[in-house]
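Residues per chain are reported as follows:
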Amino acid sequence: MSSVSRLVSSVCKKIIKPYSPTPISLRCHKLSYLDQMVGGIYIPMAFFYPKLSNTWSNKPNNVVSQHLEKSLSKVLTNYYPFAGKLNDNISIDCNDSGVEFFITKINCPMSEIFNHPYFEKHNLVYPTEVINNQYTYEGSLAVFQLTHFSCGGIAISMCLSHKVGDGYTFNNFMNHWATMARNPLSSEIYPISPKFDGSFYFPPTKDEDSSNVSNNNIVPQREECVSKGFSISSSKLTALKARVINESKVQNPSDTEVVSAFLYQRAMATKKLVNSSSIRPSLLHQAVNLRPPLPKHTMGNIGSLFSILTKEEKEMDLAQVVSKLRKEKEEVKQKYKNAKIEELLPITLEQYRKANDLLVNNSCYDLYRFSSLITFPSYDVDFGWGKPEKVISPLSTSNPPIKNMFVLMDDKNRDGVNLTCSMKKQDMLAFERDEELLRFASPTS
């Protein structure tokens, strides 16, 4: 038993089923083509709450657990595929079999988790079997854990099979659950009531071909890597934006564009130092949420991507990278803007083909993947005892982490950016010591 796992003193497992049975008409949830494309990896995310205040401060642990269990049961009625069983790569049998809910105690304060180098101890707030088998886990499609710390704080984590949904689906569910927990007797209606109709927009392939649907860009190769977190404050973000505005035609750069371009630039620069050579040609893949143009209530995997290519050192300039990102993003938006429903899948597949062709035709290039959860309401998840002190992004617990993957999130105040990156160990050692990176980004672990 490792020194980290010794901190766990008890684990209890329950099965939580939807409060109301799923209607017969909704029992078979067809996977969309994009659901079929993604791997079965579980997306993990954890929400940390300091010692509970107000009316919750003196309540025993079992009352907190019951509060969460009851509201989880009710919200699963709306998110019925989460409580079902995957039928190969074709559909989900929404049979109300339930989701796994773990309750555990950790013999250390919450701060010890945050201050641990890299992310080893973060895994304690997730069910062990899921984290150790993220690509092969055969339990429920959504798995939850309530963790009690010795300081009185708690963590609430969720691991969601990517077959059921993306980061948007995840965040919408967590906020819907929290709203129901916070106001159990209220008639308050959550603003984005889910519809699992992705197959209407992205029709699945024929049943007999479903096992062959895959894409190298969506199912990345696993390698031995390490993950680390950084934060970019509001003032530093403003300074980076000012540099881009002064040196390019992009006068309203977004947080995602600026931070993605900056990290990509620094990763290429430090990789050059590691190899003591000229710049290695590189590709940046940026995931794109397609809500809009698709309705906000559409759950599942509803996304696309675009790529930029960097071959020479003169192309590494921050403003130039942002300009490239903006150009590609606008072209993608234009493609979808007036697309008919039957055109959505061909357009999306063409985007993936373009990205894949770039990679296949330039196999010696370094690939950097970026996913942004900026503007997602992760820090609004309030179950009745206040908003989270910290939210840990999915990447930090991938096991093993995906090489050259970057996940961006808002910070708690919504004016800075928290980011998690994973790289091979030797690349990370150079990256985390890069003076230009550290001028703007501070390590968070």
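Residues numbered from 1 in each chain as written. Predicted model: local features only at pLDDT ≥ 70, side-chain atom pairs only at ≥ 80, totals over all residues. Heavy atoms only, no water.

## Observations concerning the sheet that holds strand β14 (residues 405–410)
Note the cut-off: When DSSP locates at least two bridges between a pair of strands, those strands are taken to pair. Segments assigned H or I by DSSP are reported as helices when at least four residues long, segments assigned E as strands when at least two residues long, and all are numbered from the N terminus.
Spatially, β11-β10-β12-β14-β15-β9-β16 is the arrangement adopted by the seven strands of the open sheet, whose pairing is mixed. Strands with a single pairing partner mark the edges of an open sheet, and in this sheet they are β11 (303–310) and β16 (442–443). Direction of pairing for strand β10 (residues 282–289) relative to strand β12 (residues 366–372): parallel, over a ladder of five bridges. Residue Ser282 lies in a different strand from β12, and its bridge partner there is Asp366.

## So, the UniProt feature "coiled-coil region" (unreviewed entry) in the protein
Heads up, the rule is: UniProt positions are given in the numbering used here, feature names are shortened, and annotations may be inferred rather than shown by experiment.
Summarizing the sequence annotation, UniProt attributes the feature "coiled-coil region" (unreviewed entry) to residues 311–342 in the numbering used throughout. The span residues 311–342 carries 69% helix and 0% strand; its end-to-end C-alpha distance comes to 36 Å.

## Side note on the packing of helix α7 (residues 234–247) against helix α9 (residues 318–337)
Which entries qualify depends on this criterion: In this analysis, axes come from line fits to C-alpha atoms, helices being fitted only over the stretch in contact, and the angle between any two N-to-C directions falls in the range 0 to 180 degrees. What sets the label is the angle itself: under 35 degrees gives roughly parallel, over 145 gives roughly antiparallel, 65 to 115 gives roughly perpendicular, and the rest give oblique. Any two residues whose heavy atoms approach within 4.5 Å at even a single point are treated as in contact.
At their nearest, the axes of α7 and α9 sit 9 Å apart, and the two run at 80° to each other. Compared by their axis directions, α7 and α9 come out roughly perpendicular. Facing α7, whose interface residues are Leu240, Arg243, Val244 and Glu247, α9 presents Leu318, Ala319 and Val322.

## Some remarks on the nonpolar core
We count it as follows: Definition of nonpolar core: a set of buried residues of the types Ala, Val, Leu, Ile, Met, Phe, Trp, Tyr and Cys, connected through side-chain atoms within 4.5 Å. Burial here depends on accessible area, computed with a 1.4 Å probe over protein chains only, as a share of the maximum for the residue type. Under 20% is buried, over 50% is exposed, and the range in between is partly exposed. Domain delimitation in this document rests on an assignment produced automatically or drawn from a domain database.
With 72 residues, the main nonpolar core has Phe173 and Phe383 as its most contacted residues. Both domain 1 (8–215) and domain 2 (224–444) contribute no fewer than three residues apiece to this core. Residues Ala269, Leu294, Met316 and Phe440 belong to the second largest nonpolar core, which totals 56 residues.

## With respect to the sheet that holds strand β5 (residues 91–93)
The sheet built from three strands is open, its strands ordered β2-β5-β4 with antiparallel pairing. The sheet terminates laterally at β2 (28–30) and β4 (85–87), the two strands that pair on one side only. Across the sheet, the mean angle from the axis of one strand to that of its neighbour is 30°, orientation sign disregarded. Pairing of β2 with β5 involves three bridges; the strand directions are antiparallel. Opposite Cys28, over in β5, you have Asp93 as the bridge partner.

## Side note on the pairing of β11
A large share of β11 lies buried, amounting to seven of its eight residues. Across eight bridges, β10 lies against β11 in antiparallel orientation. Among the inter-strand pairings, Gln286 is bridged to a residue of β11, identified as Phe306.

## Observations concerning the pattern of salt bridges
To be explicit about the condition: A side-chain nitrogen of Lys or Arg and a carboxyl oxygen of Asp or Glu constitute a salt bridge if their distance falls within 4 Å.
Here the structure, examined in full by the defined rule, presents 22 salt bridges. Taking the shortest distance from any N to any O, the salt bridge between Arg326 and Glu257 comes out at 2.7 Å. Of this pair, Arg326 sits in helix α9 while Glu257 sits in helix α8 (residues 255–275); the two residues are 69 residues apart in sequence, bridging distant segments of the chain. Judged by relative accessible area, Glu257 falls into the buried class, the value being 4%. Across the pair Glu257 and Lys329 runs a salt bridge whose closest N-O atoms are separated by 3.0 Å. Highlighted residues: Glu257 in helix α8 and Lys329 in helix α9, separated in sequence by 72 residues. One salt-bridge network, held together by shared partners, links Lys271, Arg280, Asp366 and Asp427.

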